[in-house]
Amino acid sequence: MAILEPRLLPLIETLAEVGADWLAFEVVDGIRAGKVAEEHLENLAAIQDAVRSAKLENFRTEKRVSAVPPSVSPAVSIIGDDQIRWAAEYVHKRLSDALSMLQASLDQLQSIVSTPALRDGVSPDIVASNEITLIVPGDEEKFSVRKADTAEAIASLEKLRKALSSWEASTRERSESE
Amino acid sequence: VINDVRAALDSILGNTAILRSANGAGRIFELFVMTGIAARLQTQGFDVWLQRSDGTQISAGDSDRRFIQRGGAPTGVLPASLGPDNASVIGLSRLPTGSVWEIWNGIQFQGRSGATHEIDIAVVPRQVGEELRQIGGSPFGRPRVAIECKDVGQPGTVDEMRAFVARLYDLSVLQGHRSYVPYPPPPQAIFPGTFADSFYASQMTYWDENRNSFNVVARRTGFVAGATTMTSYFNIEPHGNITVGSTQAIALVDAVSQWIVNCVP
């Protein structure tokens, strides 16, 4: 198991301070876990096919996909500068994935509501302006999400990517100069 | 330099405070999968609608156009009499048969043991939802479609599969269980009316029941190599790397919607 780089602490503290402590925990957990060998996407597709074909067949044992390795390889530790690079990429990708899914979900909710209205002859302009609001109750407060807010957040992702990239470069340079 | 990172994070989280919640990203992942399936079924000729917790439909012209996702501590279905401020569901009707279903998010189902098990995304007959909205409570039995959503950063292990299999087994009601489960089933049971109906009929074995339902572990990240054992035997499809626009996300939505198209009455 890798030892956490002290140079990561400013990023972890910043995540906690802005209210994304869950993301700070994920960064630490990811570095502790290291890089593990994952099922290849082609194998995964073959396993999905195997599940579907098993449904149609009358055998009663697990259907093996030959490419699946019989044992799990040990994780490869993430150490030194690689921890800085890994953490910067992880934070950006994690937020980027979540925001893309949020935007897609809002679009899909809007599409579900709009389709019958358009079929019933309601003007597309009216349908488009009648936006769905997503409400997600949390443990202590209710979160309200609208499409425009999500678009603003997505627009800030590029700023985050550049800032993380600069932080990564400066952190590594500082280490080399010491 | 770290202050630039802080400023960018503040801008993102200031616009989407849901991402300050520890469960926020996970809820978004579930919503993405749930709405993706519903939107796909809509393109395949199903009548699909958003429905408030009081049972009314959300229309484009309504002043209240809130879709409320389930959050906080997991519960069963709350009574409609509590009003429209609880969790919404997605309704779908097969045309022209008129068979009506609901897609639920994060509902606790009751198993034969009496324990409750949260199913992240479940597809159930609408009759079950209507009964539960009258009285409130957890459905008894196994949904026809059950999807376990995992938004965690690390790849999935075989333990995830074990936990899901155990949950589904406690929810299964087989013919052999009929002597010690309520029969005729209570109205909120997943087998409305009668066990003899061909689609809802209780099966002889778990093997048969696994094949009379559609079960998925869906992950934003992947699976550890070798972690996808116990899939074909228990009929659980592993779907990994589910992100917006990925071929894996499309394959997941296609697989679920196609099973519904092919198998539900």
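Cut-offs used in this document
- Residues numbered from 1 in each chain as written.
- Chains lettered and ligands numbered in written order.
- Predicted model: local features only at pLDDT ≥ 70, side-chain atom pairs only at ≥ 80, totals over all residues.
- Heavy atoms only, no water.
- Contact = heavy atoms within 4.5 Å.
- Salt bridge = Lys/Arg side-chain N within 4 Å of Asp/Glu carboxyl O.
- Helix = DSSP H or I, 4+ residues; strand = E, 2+ residues; numbered from the N terminus.
- Nonpolar A, V, L, I, M, F, W, Y, C, P; charged D, E, K, R; others polar.
- Pairing = 2+ DSSP bridges.
- Axes fitted to C-alpha atoms, helices over the stretch in contact; angles between N-to-C directions.
- Buried < 20%, exposed > 50% of the residue type's maximum accessible area, 1.4 Å probe, protein only.
- Phe/Tyr/Trp six-rings, centres within 6.5 Å; stacked < 30°, edge-to-face > 60°.
- Lys NZ or Arg CZ within 6 Å of the ring centre and 35° of its normal.

A. Summary view of the interface of chain A and chain B. Opposite the 85 residues of chain A that make contact, chain B presents 85 residues. The residue A:Glu17 makes a salt bridge to B:Arg6 at a minimum N-O spacing of 2.4 Å. Looking at the side of chain A that touches chain B, the elements that each hand over two or more residues are helix H1 (9–17), helix H2 (21–33), helix H3 (41–56), helix H4 (81–119), strand E1 (133–137), strand E2 (142–145), helix H6 (147–155) and helix H7 (157–177) of chain A. Here the element with the most residues in the side of chain A that touches chain B is H4(A); it accounts for 21 residues. Taken together, the residues of the side of chain A that touches chain B break down into 44 nonpolar, 20 polar and 21 charged. In this structure, E1(A) lies alongside strand E3 (residues 66–68) of chain B, joined through 3 bridges in parallel fashion. When the sheet's bridge partners are listed, A:Ile135 is paired in E3(B) with B:Ile68.

B. Summary view of the sheet that holds strand E5 (residues 100–110) of chain B. Residues and elements named next belong to chain B. Reading across the sheet, the 8 strands line up as E2-E1-E4-E5-E6-E7-E8-E9 and stay open at both edges, with mixed pairing between neighbours. Pairing within the sheet leaves two strands with one partner each, and these edge strands are strand E2 (57–58) and strand E9 (236–239). As paired elements, strand E6 (residues 116–125) and strand E7 (residues 145–150) share 3 bridges and run antiparallel to each other. Of the residues in E7, the one forming a bridge with Ile121 is Ile147. Where helix H2 (residues 24–43) meets the sheet, it contacts strand E1 (47–51), strand E4 (89–93), E5, E6, E7 and strand E8 (214–219), and its direction lies at approximately 160° from that of E5.

C. Spatial organisation of unusual backbone geometry. All names here are of chain B. The linkage connecting Leu95 with the following residue, Pro96, adopts the cis geometry, with an omega of 5°. Here Pro96 shows up in the loop between E4 and E5. With phi around 55°, Asn235 is a residue other than glycine that occupies positive phi space. Within the secondary structure layout, Asn235 lies in the loop between E8 and E9. Overall, Asn235 belongs to the buried group, its relative accessible area being 2%.

D. How the structure looks around the packing of aromatic side chains. As enumerated under the stated definition, the model contains 6 aromatic pairs over all chains in all. The interplanar angle of 15° and the centroid separation of 4.9 Å between the aromatic rings of A:Trp86 and A:Tyr90 together place this pair among those described as stacked. Linking A:Trp86 with A:Tyr90, this pair stays in helix H4, spanning 4 residues, or about one helical turn. Across the pair, exposure class does not vary: A:Trp86 and A:Tyr90 are buried alike. Arranged with centres 5.9 Å apart and planes meeting at 45°, the rings of B:Trp104 and B:Phe109 form a pair that is tilted. Judged on exposure class, the residue B:Trp104 and its partner B:Phe109 are both buried. Among the aromatic side chains, those forming a connected cluster through ring pairs are B:Tyr169, B:Tyr206, B:Tyr233 and B:Phe234. Between the NZ or CZ atom of B:Arg211 and the centre of the ring of B:Trp207, over which it lies, the distance is 4.1 Å. Across the ring face of B:Phe223, the terminal group of B:Arg219 is positioned such that the distance to the ring centre comes to 5.8 Å.

E. Structural view of the pairing of E1(A). Residue and element names in this part refer to chain A. By the criterion of burial, E1 is predominantly enclosed, with 4 of the 5 residues buried. Bridge count for E1 against E2 is 4 bridges, and the pairing is antiparallel. By the bridge assignment, Val136 is partnered in E2 with Phe143. Between E1 and the antiparallel strand that follows it, E2, lie 4 residues.

F. Local environment of the sheet that holds E1(A). The 3 strands lie next to each other as E2(A)-E1(A)-E3(B), forming an open sheet whose pairing is mixed. Only two strands of the sheet have a single partner each, and these edge strands are E2 of chain A together with E3 of chain B. This sheet shows a mean twist of 25° between the axes of neighbouring strands, independent of strand direction. In the packing of H4(A) onto the sheet, the strands contacted are E1 and E2 of chain A together with E3 of chain B, and the crossing angle to E1(A) comes to about 120°.

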